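Here are the chains, one letter per residue:
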Amino acid sequence: MNKPLKVAIAGLGSVGVGVVKVLEQHKKLIGERAGRKIEITHVSARNRDTERGIDLSNYQWVDNALEMAGLEGVDIVVELIGGEEGIAYELAKSTLKNSKSLVTANKAMVAHHGAILADLAQNNNVVLRFEAAVAGGIPIIKAIGEGLAANELNLVYGIMNGTTNYMLSQMEATGRSYDEILAETEALGYLEADPALDLDGIDAAHKLAILSSVAFGTKTDFDSVYIEGIREIETVDIKYGKELGYRIKLLGITKFEDGNLSQRVHPVMIDRKLPIAGVMDGFNALAVDGDFIGRTFYQGRGAGEGPTASAVVADLIDIARGHSGPAFFKPASSLVSASPVPITQRKGVYYVRLHVLDEAGVIADITTGLKNANVSVETMLQKGTERDGTVYVVMITHETRETAMKDALNRINELPSVIEKPLFIRIEKL
Ligand code: HSE
């Protein structure tokens, strides 16, 4: 048998603990599959004394994770510290510069610095892998880069954040408000330490930026992802959407055409019969379109100790097997800078929800606003008195430019009878 692969693990949160458990529990199986043993030699975390429920006595403790990059005999550093900059990024860079391979679950770091890290890995003849950074247990990076490698890809979309998918599912299932479900989700410990990462769509955008590069061979460009989260969604939108045949999901959508890259994360209304519309609770799902294969669809757990550790260990096995291809499946030097397509160029159908006073002339004023912005309406419903003297007016537009839609809602928002900021949700035909 080949000599064992020696691994140092930086970060012993739930994913790090999961990686230790998988490598210990499946030692024999992994050794057989990888063709060599994978051995943890060193571990590091902020606090040595935390009770983690695993035995760390066989590994050498390293106080300063940054030292792992220079440890004699270590082949791979597994970075599970997290964060876009700071120790994680310093460790990642110096690991690669010291000609050690790097496996990471750090979506923020890869989304922001993927092209630089890929370049470092290539120049130092080592391997960079980050399957765990996107959709946890779904092996989407390997599926795109290996299984679909014969295809030209131009569309990837999906549910990339389990927490917000759970919240939207719970709002629909219980009819309770956003604030109530948010409090419950927080109590369950599902939110990121900084909840904005989940609620404002940033976490999903990190994953989307990585997938764009993997699928299209473009340089990771997080800054050009258009991002909107779920904070404005109310239970009434879920209810009215349902009556109209739609379900609300927070999707990441990336399209690449003629060198132009459109990357966006925002709530959408989609046909309830689409497979992805049926993906509920904490699950993630992804659809990838290839020119020879057509549409492919993937579903699974996107977070948590087991699924994320499973992806990290799969990357280790990959490296142990001697797979050394480039991180984004083409040489780092040939990743292209795409032209970002701004959201203002979107043309499509919109759901609009207005909360207005129930008085004469309101509908006439609303339609004047729409007419002046050149927005044509397909369906308009007035939904009973929800609160004293007020009603919801719900509309589905005909195909409209995003700029016209925003213009119309700015005009409508100025009407004295409009008592809440109007909301629109993009309807996507996927
Ligand atoms: N906050 C993330 C989610 C964790 O909810 O999907 C996994 O990346």
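Residues numbered from 1 in each chain as written. Predicted model: local features only at pLDDT ≥ 70, side-chain atom pairs only at ≥ 80, totals over all residues. Heavy atoms only, no water.

Novice: Can you help me understand the pattern of salt bridges in this one?
Specialist: A side chain with one charge may pair with a side chain of the opposite charge, provided their charged atoms come close. Inspection of every chain in the model, using the stated rule, returns 26 salt bridges. For Asp 315, the salt bridge goes to Lys 142, with nearest N and O atoms at 2.7 Å. Placement of Asp 315 in helix α11 (residues 305-320) and of Lys 142 in helix α5 (residues 140-147) is noted, with a sequence separation of 173 residues between them. On the basis of relative accessibility, which here comes to 1%, the residue Asp 315 falls in the buried class. Among the salt bridges present, the one from Asp 271 reaches Lys 273, with a minimum N-O distance of 3.7 Å. Taking the relative accessible area as the measure of exposure, Asp 271 reaches 32% and is therefore partly exposed. On the basis of relative accessible area, Lys 273 is assigned to the exposed category, the value being 72%. Among the charged side chains, a network of salt bridges with common partners joins Lys 107, Glu 192, Asp 203 and Lys 207. (Salt bridge = Lys/Arg side-chain N within 4 Å of Asp/Glu carboxyl O. Helix = DSSP H or I, 4+ residues; strand = E, 2+ residues; numbered from the N terminus. Buried < 20%, exposed > 50% of the residue type's maximum accessible area, 1.4 Å probe, protein only.)

Novice: I keep staring at the domain arrangement of the protein and nothing clicks. Help me out?
Specialist: Often, the extent of an interface is quoted as the loss of accessible area on bringing the components together. Assigned domains of the protein: these are domain 1 (2-133), domain 2 (140-301) and domain 3 (346-427). Each of domain 1 and domain 3 has a C-alpha centre, and the two are 52 Å apart. (Domains from an automatic or database assignment.)

Novice: Quick question: what am I supposed to make of the site of the ligand here?
Specialist: Surveying the vicinity of the ligand reveals the residues Lys 107, Asn 161, Gly 162, Thr 163, Glu 192, Asp 198, Asp 203, Lys 207, Gly 302 and Ala 303. Contact distances for the ligand include 3.4 Å between an oxygen atom and a side-chain N or O atom of Asn 161. The separation between an oxygen atom of the ligand and a polar side-chain atom of Lys 207 is 2.8 Å. Protein contacts shield 87% of the accessible area of the ligand, which totals 250 Å² for the unbound molecule. Listed by contribution, the elements that provide at least two residues to the shell around the ligand are α6 (162-174) and α9 (202-216). (Near = heavy atom within 4 Å. Polar contact = N/O pair within 3.5 Å; in protein donor to acceptor, adjacent residues only side chain to side chain. Areas by Shrake-Rupley, 256 points an atom, 1.4 Å probe, with all protein chains shown as cover.)

Novice: Mind showing me how you'd approach unusual backbone geometry here?
Specialist: The phi torsion of most residues other than glycine is negative, and most of the peptide bonds are trans. Despite not being glycine, Asn 125 has its phi angle at roughly 55 degrees, a positive value. Structurally, the position occupied by Asn 125 is in the loop between α4 (107-123) and β6 (128-129). Since its relative accessible area comes to 71%, Asn 125 is described here as exposed. Of note in this structure, Asn 374 is not a glycine but carries a positive phi near 70 degrees. Within the fold, Asn 374 resides in the loop between α12 (362-372) and β15 (377-387). A residue is classified by how much of its surface remains accessible, and Asn 374, at 68% relative accessible area, is exposed.

Novice: Can you help me understand the nonpolar core in this one?
Specialist: Here is a general trend for soluble globular proteins: nonpolar side chains tend to be buried in one another's company. Within the largest apolar cluster, 84 residues are counted, with the highest numbers of intra-cluster contacts made by Phe 130, Ile 140, Ile 210, Leu 211 and Tyr 351. The leading source of residues in this core is α9, at 9 residues. Residue contacts for Tyr 351: discarding those within four places in its chain leaves Val 236, Asp 237, Tyr 240, Leu 244, Met 269, Val 394, Met 395, Ile 396, Leu 423, Phe 424, Ile 425 and Ile 427. Grouped together as the second largest cluster of nonpolar side chains are 34 residues, Val 17, Leu 23, Ile 40 and Leu 56 included. (Core = buried A, V, L, I, M, F, W, Y, C linked by side-chain atoms within 4.5 Å. Contact = heavy atoms within 4.5 Å.)

Novice: What is the right way to look at α11 in this model?
Specialist: Each full turn of the α-helix corresponds to 3.6 residues, which orients residues three or four apart in the same direction. Taking 1.5 Å per residue as the helical rise, α11 with its 16 residues ought to reach 22 Å, and the 22 Å between its terminal C-alpha atoms agrees with that figure. Restricting attention to buried positions, one finds in α11 the residues Pro 307, Thr 308, Ala 309, Ala 311, Val 312, Val 313, Asp 315, Leu 316, Ile 317, Asp 318, Ile 319 and Ala 320. Two residues or fewer after α11 comes Gly 322, characterised by a positive phi angle close to 95 degrees. (Expected span 1.5 Å × (residues − 1).)

Novice: I'm lost on helix α7 (residues 178-187) in this one. Help?
Specialist: Among the residues of α7, those classed as buried are Tyr 178, Ile 181, Leu 182 and Thr 185. One face of α7 carries all of its buried residues, which in axial projection span an arc of 105 degrees. Exposed side of α7, more than 90 degrees from the buried face: Asp 179 and Ala 187 are the residues found there. Looking one or two residues beyond α7, the residue adopting positive phi is Gly 189, at roughly 80 degrees. (Arc of directions from axis to C-beta.)

Novice: Honestly, the packing of α6 against helix α10 (residues 235-243) in this entry has me stumped. Any pointers?
Specialist: Geometry of a packed helix pair, given as the angle between the helix axes and the separation of the axes. Interhelical geometry of α6 versus α10 gives an angle of 70 degrees and a closest axis separation of 9 Å. As far as their axial angle goes, α10 and α6 are roughly perpendicular. Residues Leu 168, Met 171 and Glu 172 of α6 pack against Thr 235, Ile 238 and Lys 242 of α10. For the contact of α6 with α10, the residue count by class is 3 nonpolar, 1 polar and 2 charged. (Axes fitted to C-alpha atoms, helices over the stretch in contact; angles between N-to-C directions. Parallel < 35°, antiparallel > 145°, perpendicular 65-115°, else oblique. Nonpolar A, V, L, I, M, F, W, Y, C, P; charged D, E, K, R; others polar.)

Novice: Sorry, what's going on with the packing of aromatic side chains here?
Specialist: The geometry of an aromatic ring pair is captured by the separation of the ring centres together with the interplanar angle, meaning the angle of the planes. Counted according to the given criterion, the structure contains 5 aromatic pairs. A ring pair is formed by Phe 130 and Phe 328, whose centres lie 5.2 Å apart and whose planes are at 45 degrees; its orientation type is tilted. With Phe 130 in the loop between β6 and α5 and Phe 328 in the loop between α11 and β13 (339-340), this pair connects stretches of sequence that are 198 residues apart. Between Phe 216 and Phe 256, the ring centres sit 5.4 Å apart and the planes meet at 20 degrees, which makes this aromatic pair stacked. Remark: Phe 256 occurs in strand β9 (residues 246-257) and Phe 216 occurs in helix α9; sequence separation between them is 40 residues. (Phe/Tyr/Trp six-rings, centres within 6.5 Å; stacked < 30°, edge-to-face > 60°.)

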